[in-house]
There are 2 protein chains.
Amino acid sequence: EPKAVTARGRRCPLTENLACCSYGALKAWLPILSWLPRYRLTWLKMDLIAGVTVGLTVVPQALAYAEVAGLPVQYGLYSAFVGGFVYCVFGTSKDVTLGPTAIMSLLCSYYVDRDPVFAVLLTFLCGVIQTSMAILRLGFLLDFISYPVIKGFTSAAAITIGFGQLKNLLGLQNISQQFFLQVYDTFRPAVLRVPDVTLGLLCLATLVALTFMKSSLGPGSDDLPVHVRGARGLVWSFSTVRNALVVICATCLSYSFEVYGHHLFTITGQTSAGLPPFQAPPFSETTPNGTVISFNEIVLDLGGGLVVIPIMGLLESIAIAKAFGESTTSPPPRSWTVSARTAGLTNIMGSFVSAYPVTGSFGRTAVNSQTGVCTPAGGVVTSVIVLLSLAFLMPVFYYIPKASLAAVIICAVTPMFDYRVIAKLWRVKKPDLLPFLATFLLSFWQVQYGIVAGVVVSLGMLLYDVARPQLKVRDHGVLVVELDSGLRFPAMQYLSQMLFSKALTGGQRLVLDCCHVSGVDYTVVDELRDLLRQFQQRGEVLIFTGLSNSVLEVLLEAELPGLKHVESVEAALQAVSGTPSYN
Amino acid sequence: EPKAVTARGRRCPLTENLACCSYGALKAWLPILSWLPRYRLTWLKMDLIAGVTVGLTVVPQALAYAEVAGLPVQYGLYSAFVGGFVYCVFGTSKDVTLGPTAIMSLLCSYYVDRDPVFAVLLTFLCGVIQTSMAILRLGFLLDFISYPVIKGFTSAAAITIGFGQLKNLLGLQNISQQFFLQVYDTFRPAVLRVPDVTLGLLCLATLVALTFMKSSLGPGSDDLPVHVRGARGLVWSFSTVRNALVVICATCLSYSFEVYGHHLFTITGQTSAGLPPFQAPPFSETTPNGTVISFNEIVLDLGGGLVVIPIMGLLESIAIAKAFGESTTSPPPRSWTVSARTAGLTNIMGSFVSAYPVTGSFGRTAVNSQTGVCTPAGGVVTSVIVLLSLAFLMPVFYYIPKASLAAVIICAVTPMFDYRVIAKLWRVKKPDLLPFLATFLLSFWQVQYGIVAGVVVSLGMLLYDVARPQLKVRDHGVLVVELDSGLRFPAMQYLSQMLFSKALTGGQRLVLDCCHVSGVDYTVVDELRDLLRQFQQRGEVLIFTGLSNSVLEVLLEAELPGLKHVESVEAALQAVSGTPSYN
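Residues numbered from 1 in each chain as written. Chains lettered and ligands numbered in written order. Predicted model: local features only at pLDDT ≥ 70, side-chain atom pairs only at ≥ 80, totals over all residues. Heavy atoms only, no water.

Peer 1: Sorry, what's going on with the overall build of chain A here?
Peer 2: A count of helices and strands for chain A gives 25 helices and nine strands. With 583 residues in all, chain A has 56% of them scored as buried. Across chain A, the fraction of contacts at a sequence separation of at least 24, relative to all contacts at a separation of at least 6, is 77%. Surface summary for chain A: the accessible area is close to 24700 Å², and the carbon and sulfur share equals 66%. Charged side chains of chain A number 39 positive and 35 negative; the gap between the two group centres comes to 7 Å. (Helix = DSSP H or I, 4+ residues; strand = E, 2+ residues; numbered from the N terminus. Buried < 20%, exposed > 50% of the residue type's maximum accessible area, 1.4 Å probe, protein only. Contact = heavy atoms within 4.5 Å. Areas by Shrake-Rupley, 256 points an atom, 1.4 Å probe, with all protein chains shown as cover. Lys, Arg positive; Asp, Glu negative; His and termini not counted. Charge placed at Lys NZ, Arg CZ, Asp CG, Glu CD.)

Peer 1: Looking at this model, I keep getting lost on the pairing of strand β5 (residues 471-476) of chain B. Mind explaining?
Peer 2: Looking along a regular strand, one sees the side chains alternate between the two faces of the sheet. Where β5 of chain B and strand β6 (residues 478-483) of chain B come together, six bridges link them in antiparallel fashion. By the bridge assignment, H476 of chain B is partnered in β6 of chain B with V478 of chain B. (Pairing = 2+ DSSP bridges.)

Peer 1: Help me out: how do you make sense of the side chain of T131 of chain A in this one?
Peer 2: Within the secondary structure, T131 of chain A is located in helix α7 (residues 116-135). If we ignore the near neighbours within four places in the chain, the residues touching T131 of chain A are G344, L345 and I348 of chain A.

Peer 1: What is the right way to read the sheet that holds strand β6 (residues 478-483) of chain A from this model?
Peer 2: Think of a sheet as strands paired side by side through backbone hydrogen bonds, with each pair either parallel or antiparallel. Residue and element names in this part refer to chain A. Taken together, the five strands give an open sheet; going across it, the order is β5-β6-β7-β8-β9, and neighbouring strands pair in mixed fashion. Edge positions in the sheet fall to β5 (471-476) and β9 (564-566), since each of these pairs with one other strand and no more. Averaged over all pairs of adjacent strands, the angle between their axes in this sheet comes to 25 degrees, without regard to strand direction. Of the pairings in the sheet, the one linking strand β8 (residues 541-545) to β9 comprises three bridges and is parallel in character. The residue bridging T545 from the neighbouring strand is V566, located in β9. Across the sheet, helix α23 (residues 522-537) touches β7 (509-513) and β8, and the angle it forms with β8 is around 140 degrees. (Axes fitted to C-alpha atoms, helices over the stretch in contact; angles between N-to-C directions.)

Peer 1: Please explain a nonpolar patch on the surface as it appears in this structure.
Peer 2: Residue and element names in this part refer to chain A. A grouping of F85, V384, L388, F392, L393 and V396 is seen on the molecular surface, where their side chains present a nonpolar patch of about 530 Å² in accessible area. Residue contributions to the nonpolar patch peak at five residues, all from helix α17 (residues 377-397). Summarising the element assignment, L393 is placed in helix α17. (Patch = residues over 30% accessible without salt bridge, like charges linked within 9 Å, V, L, I, M, F, W, Y side chains within 5 Å. Salt bridge = Lys/Arg side-chain N within 4 Å of Asp/Glu carboxyl O.)

Peer 1: Looking at this structure, I do not really get the pattern of salt bridges. What am I missing?
Peer 2: Residue and element names in this part refer to chain A. Applying the stated criterion across every chain yields a total of 24 salt bridges over all chains. For R420, the salt bridge identified is with D418, shortest N-O distance 3.5 Å. Taking the shortest distance from any N to any O, the salt bridge between R488 and D521 comes out at 3.1 Å. Pair noted here: R488 is in the loop between β6 and α22 (489-505) and D521 is in the loop between β7 and α23, with a separation of 33 residues, a long-range link. In this structure, R488 and D521 share a single accessibility class: buried. Through salt bridges with shared partners, a single ionic network connects K151, D418 and R420.

Peer 1: Can you walk me through the packing of aromatic side chains in this structure?
Peer 2: Given two aromatic rings, one states the distance between the centres and the angle between the planes to describe the pair. If you walk through the whole model with that rule in mind, you get 30 aromatic pairs over all chains. Judged by centre distance (6.0 Å) and plane angle (55 degrees), the ring pair of W35 of chain B and Y39 of chain B falls under tilted. Note on Y39 of chain B: relative accessible area 24%, which makes it partly exposed. The interplanar angle of 35 degrees and the centroid separation of 5.5 Å between the aromatic rings of F500 of chain B and F535 of chain B together place this pair among those described as tilted. Of the two residues, F500 of chain B is situated in helix α22 (residues 492-505) and F535 of chain B in helix α23 (residues 522-537); the sequence distance between them amounts to 35 residues. Each member of the pair, F500 of chain B as well as F535 of chain B, is classed as buried. Among the aromatic residues, those joined into a ring-pair cluster are F417, F436, F440 and F444 of chain A. (Phe/Tyr/Trp six-rings, centres within 6.5 Å; stacked < 30°, edge-to-face > 60°.)

Peer 1: Honestly, the side chain of T371 of chain B in this entry has me stumped. Any pointers?
Peer 2: All names here are of chain B. Along the chain, the position of T371 falls in the loop between α16 (362-370) and α17 (377-397). By relative accessible area, T371 is classed as buried at 7%. For T371, the contacting residues outside a window of four places in its chain are M46, I49, A50, T53 and W236.

Peer 1: Explanation requested: unusual backbone geometry in the structure shown.
Peer 2: Leaving glycine aside, a negative phi is the common case for residues, and trans is the common case for peptide bonds. All names here are of chain B. Notably, R137 is not glycine yet its phi reads approximately 55 degrees, a positive angle. A positive phi is found at E559, a non-glycine position, where the angle reads about 50 degrees. Inspection of the secondary structure puts E559 in the loop between α24 (549-557) and β9 (565-566). Classification of E559 by relative accessible area gives exposed; the value is 59%.

Peer 1: Honestly, helix α6 (residues 102-112) of chain B in this entry has me stumped. Any pointers?
Peer 2: Burial analysis of α6 of chain B places ten of its eleven residues in the buried class, the great majority of the element. Count one or two residues on from α6 of chain B and you reach D113 of chain B, which has phi positive near 55 degrees.

Peer 1: How should the packing of α6 of chain B against helix α8 (residues 147-170) of chain B be read in this particular structure?
Peer 2: Packed helices, taken two at a time, are described by the angle their axes make and the gap between the axes. Residue and element names in this part refer to chain B. Interaxial distance between α6 and α8 falls to 10 Å at its minimum, and their mutual angle equals 75 degrees. Considering the angle they form, α6 stands roughly perpendicular to α8. Facing α6, whose interface residues are A102, I103, L106, L107 and Y110, α8 presents F153, T154, A157, T160 and I161. (Parallel < 35°, antiparallel > 145°, perpendicular 65-115°, else oblique.)

Peer 1: Help me understand the confidence of the model for chain A, please; the structure alone is not making it clear to me.
Peer 2: Low-pLDDT stretches of the model should not have their predicted coordinates read in fine detail. All names here are of chain A. On average, chain A scores 86 in pLDDT, and the residues at 70 or more come to 92%. Across chain A, the secondary-structure element scoring lowest on mean pLDDT is helix α9 (residues 179-187), at 77, and the one scoring highest is helix α4 (residues 74-78), at 95. Contacts of residues 1-20 to residues separated by more than four positions or lying in other chains number 35 contacts, the stretch itself having pLDDT below 50. Note that pLDDT drops below 50 for residues 327-333; the model gives that stretch ten contacts with residues more than four away or on any other chain. (pLDDT = per-residue confidence, 0-100.)

Peer 1: What's the story with the nonpolar core in this structure? I'm lost.
Peer 2: The nonpolar side chains of a soluble globular protein tend to be buried with one another. The biggest cluster of nonpolar side chains holds 180 residues, and the ones touching the most others in it are L77 and L107 of chain A together with L77 and L107 of chain B. M492, L499 and L552 of chain A together with L433 of chain B belong to the second largest nonpolar core, which has 41 residues in total. (Core = buried A, V, L, I, M, F, W, Y, C linked by side-chain atoms within 4.5 Å.)

Peer 1: Would you mind showing me how to read helix α14 (residues 305-324) of chain B here?
Peer 2: It helps to recall that an α-helix has 3.6 residues per turn; residues three or four apart then point in one direction. The end-to-end C-alpha separation of α14 of chain B is 28 Å, in line with the 28 Å expected for 20 residues at 1.5 Å each. Of all the 20 residues making up α14 of chain B, 16 are buried; the element is thus mostly covered by neighbouring parts of the structure. (Expected span 1.5 Å × (residues − 1).)

Peer 1: Looking at this structure, I do not really get the sheet that holds β6 of chain B. What am I missing?
Peer 2: Strand order across the open sheet formed by five strands is β5-β6-β7-β8-β9 (chain B), with mixed pairing between neighbours. Among the strands making up the open sheet, the edge pair consists of β5 and β9 of chain B.

Peer 1: Looking at this structure, I do not really get the packing of helix α20 (residues 433-445) of chain A against helix α21 (residues 447-467) of chain A. What am I missing?
Peer 2: All names here are of chain A. The interhelical angle for the contact between α20 and α21, taken along N-to-C directions, is 165 degrees, at an axis separation of 6 Å. Considered as vectors, α20 and α21 are oriented roughly antiparallel to each other. Note on packing geometry: the crossing formed by α20 with α21 is right-handed. On the side of α20, the interface is formed by L434, P435, A438, T439, L442, S443 and W445, while α21 contributes V447, Y449, G450, I451, A453, G454, V457, S458 and M461. For the contact of α20 with α21, the residue count by class is eleven nonpolar, five polar and no charged. (Left-handed = near helix turned anticlockwise from the far one by under 90°. Nonpolar A, V, L, I, M, F, W, Y, C, P; charged D, E, K, R; others polar.)

Peer 1: Before we go on, may I ask you to explain the environment of R533 of chain B in this structure?
Peer 2: Mapped onto the fold, R533 of chain B is located in helix α23. The class for R533 of chain B is partly exposed, based on a relative accessible area of 30%. C-alpha separation for the pair R533 of chain B and P561 of chain B, spaced 28 residues apart in sequence, amounts to 7.1 Å. Ignoring any residue separated from it by four or fewer positions in sequence, one finds R533 of chain B in contact with K322 and A323 of chain A.

Peer 1: Just checking my understanding: could you explain the environment of I103 of chain A for this structure?
Peer 2: Residues and elements named next belong to chain A. With respect to the helices, strands and loops of the structure, I103 is situated in helix α6 (residues 102-112). Sequence spacing of I103 and L48 is 55 residues, and the spatial spacing of their C-alpha atoms is 28 Å. Beyond its immediate stretch of four places on either side in the chain, I103 contacts F153, T154, A157, I161, E316 and M416.

Peer 1: Looking at this model, I keep getting lost on the state of the cysteines. Mind explaining?
Peer 2: Structurally, a disulfide amounts to a covalent bond that connects the sulfur atoms of two cysteines. Throughout the structure, instances matching the rule amount to zero disulfides over all chains. Cysteine C108 of chain A is unpaired, with the sulfur of C126 of chain A as its nearest cysteine sulfur at 9.4 Å. C252 of chain B takes part in no disulfide bond, and the closest cysteine sulfur to it belongs to C249 of chain B, at a distance of 6.4 Å. (Disulfide = S-S within 2.5 Å.)

Peer 1: I'm lost on the environment of D465 of chain A in this one. Help?
Peer 2: Residues and elements named next belong to chain A. Mapped onto the elements of the fold, D465 is located in helix α21. Given a relative accessible area of 31%, D465 falls into the partly exposed group. As for D465 and S176, which are separated by 289 residues in sequence, their C-alpha atoms are 43 Å apart.

Rendered as structure tokens:
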């Protein structure tokens, strides 16, 4: 029988796996042991279909995201296959797929400066940091990144990425990296490359149309005639693998022109064929002119990226695990440690095959789930597809028009810009717009500043509320002041000032209702001593009510002079009115 | 009639002065207008006695503190007279005296590196910062410095200052500035200067004896015979002006030896005589070798001092105003703005007469209060004494033995090291030892690191409690989980994880008692939506109770699916048990 979880501090809801026998403990670490022994052949069919579908999505996306990360296209595929194997062994959710994502690619582009050596070392360090966070149980750090901050960051990232691809869609040249300069460059009158623009807009229109078709597809039902069901299935399949479809068509088109010597489109160009070498991540780099960049220098150069990338990776993984993790296994292993562990291991192992940092992908996880995957084995199928592409398809990728990849990215990131969140924040909690806007706006400047600003603003708002508790004042002949929340040191000056001004304008007796106070610290105790002394000096009475036992014990231990406490406000009022010479 | 003060945000308890007429408003700014028109001659006698007594204390202390600050002795006196005039006009408490203090001198020594130009500019900037804080109402920043941090800092400062003076007391030479090296140097076998040691220990013994006598002096009473009263008065007077007494005797001794050509003691040596020039503070410095240090360079050099010194100055001023401010004027003007304003103005004006940063002095304020001062005019008397010393006594100060000044300082700072606070913290609230120790230990390394570490640790502890609220779980057939404090975004992951684990091990129905929740933010709302969705998916029921109206409105506005709320836990239990198919 699982042990009862204590109310505080324990953070392990994997109780169902933590049976006393060591095999149970092993299963908690290797969830594959839970499902592989009872794997059924019917599952295999579904896993195969889902794996291939996700594979057809991830290959074009990976090529496109590598472009976002500022790396040669093959690095996208290098990053796309490790996750499937790792998650199959260590993952707990059937749906989650790990791989290159738009946000990680954008972050990577900020910190690695188009240098694959930096990217691969960053992957390794990112994995080590994430794994350490899992081992040291540092997940609570993520608690301090609030929802408005995450939304502000992803919205800014969506705009930055989308805008960054506009140059490929329009075939513009010499566009700068910095966002604001990019905007300027993009809207500067320039020579558009008409074939690129045409192809790009065509791809975009096709993708949008297919997305729209999929979303307007009603739920399938066995009652429908067979040809309707067939048509529905066809539309569903086409729209699900729309990325692959569009890129394949565009590539065929560009190939046809190229073989006849017409260089109409801007194409991906030379890529290195074959599987990546399996080797330890590089701990230093030798530049072409012979200078050696040491490990320390690379780490210093990566700088804030070593904090932002592991944390953003974890946040994305956790968000996906929360959205998709529960739907199958009945007791949900919500533990963030699974996410941290799988993401960390994927990155560490990825760094041995030249991957750049990866995390859970929302879009592909959704595809996986919708296609009806049954176990994490679907991820292995996806990985095999990616490996096959690397082994055999790289010569074909030479001809992929950049405009088609740009269209894929723009469609992938558009849903990330969630304009409705502004309306929601406005309606539900207006002050939360502040951290949202701080993060959103500053993220265009430097993404780490945006996140830090958002966290600082939201913690500042939190501390403000701690420092300025609401006081409800009621007049029952005697003034009754009710603290609406806890009483901690930053609030104490304010409280005693307010009580003094009440005692001045109100009466000479005050009841302080502390029923919501769950704990006090030494500063509070010391200020209360001061307050009581001054009330006494001036012949006024201060009566506490509703103190919890633990708080009362602390106050008694501190031997506050003239401390008066009664159970309830009613008793206090009675005491005061019953005995006018109470003092 | 004074306007009712709103429950939140207003920070002006000077209501009694804020009458509608402009003269009342003027009186709030210039409290001298309140007491000068009704000044009585009987008060003058008391103010004169107190002023002279404090003067006899401040002159030797000022000389000694200048040594602590690493400046020529006259700078101590330059800093000691402005406060009296400023506080007389702008101050609200009869007792408070502003001037050089041990802590400000120590801080000054860290940041100005024995350069009077730096010190005077620091005074000016410190005054400007303090005044700005008063005008911009930034006093809430001080709320985040908790009592253990202040105690840790002052204790460390007492040890540092006391130890720094040991070299003077023992007549040691070539002692380094850094604390740890100082300890090493002091305990290294070295040649003690026997006359210095003898004189120093003698002064120390005298001071300790007189302090002891004063504290063991019973309360005076008119019933005692006249000769007893006379003797008591004599002892009281001697022990109150003990600093002056000891320094005068030591100086006479050293003078007697010096005139006969015996250089027995290490003496203060050359000082510049006369009043300081009245001039604008220097905004750049020209070194002896001709290089000009610009304003920017000086500011960069002062660095953290520009934060630490104004804030520590304010904290000291406020603590003193709180301890002594109330005893006379019946409604206490507790406003910290008075402290910030007077300290800021004193520093700004002080910088025109070459003062280094000053603040309220606990010891001299206590002397002032005990001697029976009636109005802030006593401070003017003190200032006149200091000015007279500067004008006429500087040649005499040449002969003051350094060992006697060291004894004065050691006696002044010993009470600042409050070892009992450790016991109190241990008894009342053990976790608060953490910020205390962090500040205490790191202050020996660098004082700003100590304070920052203490503030970070205490805020971290605060945030931990916000992030991990206590959950009280009771089993009434249905599990009832009571949140003991508010619910803000850092707590949400933890709460939903705990609720899930309860739902696993407990029953399939849960009541969440939110009676202590006073506000929610958007992250909480969003996580609750997620939580409700997952409870619903798994066919479990989550019922909220005790939500306040404002919180309930937010949740309704957010249209949470399946939100169930009842007034009280009892109603919830009834609803659940009454209708088993409640879902």
